[in-house]
Amino acid sequence: MAHAYHLDDMNKLVSLAKRRGFVFPGSEIYGGFGNSWDYGPLGFLLKENIKAAWLRAMVQERDDVLPIETAIIMNPRVWVASGHVAGFTDPLVDCKNCKQRFRADQVSGGRCPECGGELTEPRQFNLMFKTYVGPVEEEAAIAYLRPETAQGMFVDFKAIVDTMRVKLPFGIAQIGKSFRNEITPGNFIFRTREFEQMEMEYFVRPGTDMEWFDYWVRQRYDWYVRYGIRTENLRLRQHEPSELAHYSRCTTDIEYRYPFGWGELEGIANRGDFDLRVHEEHSGEQLRYFDEETREHIRPYVIEPAAGATRSLLAFLLDAYDEERISEGGKEDVRTVLHLHPALAPYKAAVLPLLRNRPPLVDLAREVYTRLRRHFYVVYDETGAIGRRYRRQDEIGTPYCLTIDFQSLEDQTVTVRDRDTMEQVRVHIEELVPWLAGHVTG
Ligand code: GAP
């Protein structure tokens, strides 16, 4: 359902996310830990559904993209080759008075934004988390937690070409955790030190790269719209030459209108042959594609749509959030509702016996619940007035409430109430699985 509400107070969402089991502060009983966040039962399901929707569009519905999962801790030479050891840095300044640290590009005037103290000259701070592999903490054992999933695709390029009978253009996709020791994490789950990425490296013939770049910008924009983000809250922004990453010839960000302003949701980059070239140089392996027609060994160019799973979860929640004045069942009320796309909603349906103290209603409701949960995540709720139970489900974005009432006992139909329109239809119990499947797939 179209709604015009735009949430401009992040605290409302943080509070709902905590109250309803989407996102909890990390390590909370110990006072939290540097803007880390845990995904509760609802947040976990929502995130799984976002990742599934990404895989559906990027892999399942195509015949040119293959999924992989690579190690989080890779050979450290990978990060030397990629340029991360030398250049994955942010400029950092310290306050000489209160000792707080800031990103130099986020403070102006040379005085501390917290206490007004004098700031040091900026120095480069590498964002990669270091660790030691094996029992000895020595220089030779240093390794890094990956700061992006992308390098896994370049490092496994040869294995894919050798084993999977791919033809140019083709892509390799991966979803997984990445880690960056951000100087100033914040804005809830927008910028965290541990986050999840959904990235795809699409290998193309040199010369066709800009066409594919435009194609992927459009595809990715459409994906957010397909899963419910309103176009007025999305925009494309092309990077200025001065802000391009060292590997990029051209980058366009898809930005979302967050409560704190427009911010990056996803970046699409034309990486040219930068990555395959540097990994050839550092590994000594040829990273080429053999073209049967021209008998040439081509080093493909790469178009990379790089999205954040956790950052897009924030956008999907914000965009779905609505506070509405409604009239339902003859009663005026204000409801908080998440208009999540049904494919993303944590639960696809709630099963509600009209009254909890009538055994035939409860028995039939349990039977419907058992039947549905073999196919979908569904939730059972028998406590409180039916209106209150609807409100509870609205608030977590459950698209359908199935009420088992007295008529159900007679004709085996249930009331299906639509979250967005609040309209009701009756569906036969035998038809519920196909009916729901038709309404909740992406
Ligand atoms: N391989 C290219 C790459 O990693 P990026 O723009 O640095 O590009 C891609 O990251 C996406 O990953 C971003 O658009 C964002 O959605 C997500 N992301 C990056 N850093 C993040 C952080 N600290 N917290 C949450 N998400 C982050």
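Residue positions within a chain follow its written sequence, with the count starting from 1. Given that the model is predicted, a residue must reach a pLDDT of at least 70 before its local features are reported, and side-chain atom pairs must reach 80 or more before they are shown or counted; all residues, however, enter totals for whole chains, interfaces and linings. Here the side-chain values reflect all heavy atoms present in the structure, with hydrogen atoms and water set aside.

With respect to the domain arrangement of the protein chain
Put simply, the rule reads: An automatic or database domain assignment is the source of the domain bounds shown. Two residues form a contact once any of their heavy atoms are found within 4.5 Å. Put simply, buried area is the surface a 1.4 Å probe can reach on two separate parts but cannot reach once they are joined, added for both. A side-chain nitrogen of Lys or Arg and a carboxyl oxygen of Asp or Glu constitute a salt bridge if their distance falls within 4 Å. N or O atoms within 3.5 Å of each other form a polar contact, as long as, within protein, one can give a hydrogen and the other can take it, and as long as residues adjacent in sequence are counted only when both atoms are side-chain atoms.
Domain assignment breaks the protein chain into domain 1 (10-76 + 146-316) and domain 2 (347-439). If you average the C-alpha positions of domain 1 and of domain 2, the two centres end up 37 Å apart. The interface is formed by seven residues belonging to domain 1 together with six residues belonging to domain 2. Taking both sides of the interface into account, the surface hidden between domain 1 and domain 2 amounts to around 640 Å²; carbon and sulfur atoms contribute 58%. When the area that domain 1 buries against domain 2 is broken down by residue, the three leading residues are Arg-20, Leu-42 and Leu-45, summing to 67%. Remark: the boundary between domain 1 and domain 2 carries two salt bridges. Its salt-bridge partner being Arg-19, residue Glu-395 comes within 2.9 Å of it at the nearest N-O pair. For the pair domain 1 and domain 2, the interface holds three residue pairs in polar contact (both at pLDDT 80 or more).

Remarks on the packing of aromatic side chains
Basically, it comes down to this: Each Phe, Tyr or Trp ring, with Trp reduced to its six-membered ring, pairs with another whose centre is within 6.5 Å; inter-plane angles below 30 degrees give stacked pairs, above 60 give edge-to-face pairs, and intermediate values give tilted ones. Each helix is a run of H or I in the DSSP string that is no shorter than four residues. Each strand is a run of E no shorter than two, and both are numbered from the N terminus. For every residue, the accessible area obtained with a 1.4 Å probe (protein chains only) is divided by the maximum for its type, and the residue is called buried under 20%, exposed over 50%, and partly exposed between those limits. A ring is considered to have a charge above it if a Lys NZ or an Arg CZ atom is located within 6 Å of its centre and within 35 degrees of its normal.
All chains considered together, the criterion is met by 20 aromatic pairs. Relative to Tyr-380, the ring of Tyr-369 has its centre 5.6 Å away and its plane inclined at 40°; by these criteria the two rings are tilted. Here Tyr-369, found in helix H10 (residues 359-373), pairs with Tyr-380, found in strand E20 (residues 378-380); they are eleven residues apart in sequence, far enough to count as distant. Per residue, the accessibility class of Tyr-369 equals that of Tyr-380, and both read buried. Put simply, the rings of Phe-154, Phe-157, Phe-170 and Phe-203 pair up and form one aromatic cluster. If you follow Arg-366 out to its NZ or CZ, it ends over the ring of Tyr-380, 4.4 Å from the centre.

Quick look at helix H8 (residues 274-283)
Among the residues of H8, Phe-274, Asp-275, Leu-276, Val-278, His-279 and Glu-280 are the ones counted as buried. Buried residues belonging to H8 abut helix H3 (77-81), helix H5 (150-155), helix H6 (157-163), strand E10 (194-204) and strand E13 (261-272). At the exit of H8 stands Gly-284, carrying a positive phi of roughly 80°.

Comments concerning the site of the ligand
Worth spelling out the cut-off: By convention in this text, a residue qualifies as near a molecule or strand provided that one of its non-hydrogen atoms is within 4 Å of it. Here the accessible surface of atoms and residues is derived via Shrake-Rupley with a 1.4 Å probe, and residues count as covered only by protein chains that are part of the display. Each residue gets one label: Ala, Val, Leu, Ile, Met, Phe, Trp, Tyr, Cys and Pro are nonpolar, Asp, Glu, Lys and Arg are charged, and the others, such as Gly, are polar.
Not every one of the 21 residues close to the ligand is listed here, only the nearest: Glu-148, Arg-180, Glu-182, Glu-199 and Glu-264. Gly-308 places a main-chain nitrogen or oxygen 3.1 Å from an oxygen atom of the ligand. Protein coverage of the free-state accessible area of the ligand, which is 550 Å², stands at 91%. Elements with a contribution of two residues or more to the shell around the ligand: E10, E13 and strand E16 (301-308). Take the shell around the ligand: its biggest share by element is five residues, from E13. Taken together, the residues of the shell around the ligand sort by class into seven nonpolar, four polar and ten charged.

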